[in-house]
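# Remarks on the overall topology
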Amino acid sequence: MYKHKDLLGLKGLAAEELIFLLDTARPMKEVISRPIKKVPTLRGRTVMNLFYENSTRTRGSFELAAKYLSADCVNISSSSSSVAKGESLYDTARTIQAQGADVIVLRHPMAGAPHMLAKAVKAAVINAGDGAHEHPTQALLDLFTVREQRGKIAGLTVTIIGDILHSRVARSNIWGFTTLGAEVRVCGPPTLMPVELTQTGARVFYRIEEALEGADVVMMLRIQAERQQQGLFPGLREYSRLYGLNRERLSLAKPDVLVMHPGPVNRGVELGHDTADGPESVIEEQVTNGVAVRMALLYLLTGGGAHNEADY
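Residues numbered from 1 in each chain as written. Predicted model: local features only at pLDDT ≥ 70, side-chain atom pairs only at ≥ 80, totals over all residues. Heavy atoms only, no water.

In the annotation of an unreviewed UniProt entry, the protein is listed under the name Aspartate carbamoyltransferase and assigned to Sporotomaculum syntrophicum. A UniProt comment under Sequence similarities (unreviewed entry) is attached to the protein, and it reads "Belongs to the aspartate/ornithine carbamoyltransferase superfamily. ATCase family." (UniProt positions renumbered as here; feature names shortened; annotations may be inferred.)

This is the structure we're talking about:
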């Protein structure tokens, strides 16, 4: 069972809780495949998407998840709200709660912001990405995708390649995959590798060929242009030459390897067309699974046990 009021991160969650979340997402994916993607499960509930950073996939995914479950969904961005006038996150959240929100989905550039918010409001809070800390729903959809494709997670070797230092996706995936029994390898330039990685159980590599050897899953992370301006690596062409995934390098992994990416993909940098669109790629499947996982979370955090299975 998942009995927490909020979902703030995967660190500290038990394997049983993760499995329960993934199992709950299965019938939700079936809803998405129906001709009419609408069930009355959360009719009368309100979901507020409060995003202090730009987002297309995550915000759109949460909005669709809410609408498929018949919840009312309101999107609020910092640039078009009272935040632009200087209102604090605390006051914004209290206002949202006073308006009757049942769930607040928060993306914020500061690590720990969802944790502060969860203590201030009675509504359920979902962390949609906080700084360089965690992005738990992305990791859950990645776990769901691998489990669906391979039937298990325990015993698999998962290689994550890219900017580990600034990646909240990488951190949540490390916690999630290691908790469920996978071996996690991380690889990237030394300047983009955090020093605390040894405490997570992940194995650190600096040569992509070594990290790919025998991997079951390869997850490429997006390189952000602002990192180049900070001088953390020479340039995109040099990064692609050393850490880009091409077919020759991919051949070092298992024959049935899965290629993943949280999106958006920088084609020609992390991935070429032959790997982004190759038979090993499950990137589009990740997007679909993201809606199913977020449907499951909205259902559970609004008292899912009180609903009947017939509701979905």
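### Comments concerning the layout of surface pockets
Approximately 820 Å³ is the volume attributed to the largest pocket. Among the elements of the structure, helix H2 (57-68), helix H5 (136-150), helix H6 (168-179), helix H8 (225-229) and helix H12 (283-301) are those that each provide at least two residues to the lining of the largest pocket. Of the residues belonging to the lining of the largest pocket, the class tally is 11 nonpolar, 16 polar and nine charged. (1 Å grid on protein atoms, 1.4 Å probe; cavity = no way out; pocket = protein on both sides within 12 Å on 5 of 7 lines; lining within 4 Å. Points joined across faces, edges and corners; volume = space filled by probe spheres on them. Helix = DSSP H or I, 4+ residues; strand = E, 2+ residues; numbered from the N terminus. Nonpolar A, V, L, I, M, F, W, Y, C, P; charged D, E, K, R; others polar.)

### Quick look at the pairing of strand E4 (residues 124-130)
Most of E4 is tucked away: seven of the seven residues are buried. Pairing of strand E3 (residues 103-108) with E4 involves five bridges; the strand directions are parallel. Pairing of Ile 104 across the sheet is with Val 125, part of E4. Of the crossover connections in this fold, the one passing from E3 over helix H4 (residues 113-120) to the parallel E4 is right-handed. (Buried < 20%, exposed > 50% of the residue type's maximum accessible area, 1.4 Å probe, protein only. Pairing = 2+ DSSP bridges. Right-handed = clockwise from strand over helix to strand, strands pointing away.)

### Here we look at the packing of helix H1 (residues 15-32) against H12
The contact between H1 and H12 brings their axes to 7 Å, and the two run at 115 degrees. Considering the angle they form, H1 stands roughly perpendicular to H12. The chirality of how H1 crosses H12 is right-handed. Where H1 approaches H12, its residues Phe 20, Leu 21, Thr 24, Ala 25, Met 28, Lys 29, Val 31 and Ile 32 are matched on the opposing element by Glu 285, Thr 288, Asn 289, Val 291, Ala 292, Val 293, Met 295, Ala 296, Leu 297, Tyr 299 and Leu 300. Class assignment for the residues of the contact of H1 with H12 results in 14 nonpolar, three polar and two charged. (Axes fitted to C-alpha atoms, helices over the stretch in contact; angles between N-to-C directions. Parallel < 35°, antiparallel > 145°, perpendicular 65-115°, else oblique. Left-handed = near helix turned anticlockwise from the far one by under 90°. Contact = heavy atoms within 4.5 Å.)

### Some thoughts on the sheet that holds strand E5 (residues 157-161)
Judged by pairing direction, the sheet is parallel, and its five strands sit side by side in the order E7-E6-E5-E8-E9 without closing on themselves. Whereas interior strands pair on both sides, the edge strands pair on one side only; in this sheet they are strand E7 (203-205) and strand E9 (258-260). The average angle at which neighbouring strand axes cross in this sheet is 20 degrees, direction not considered. Examined bridge by bridge, E5 and strand E6 (residues 183-187) share five bridges and lie parallel to one another. Paired with Ile 160 across the bridge in E6 is Val 186.

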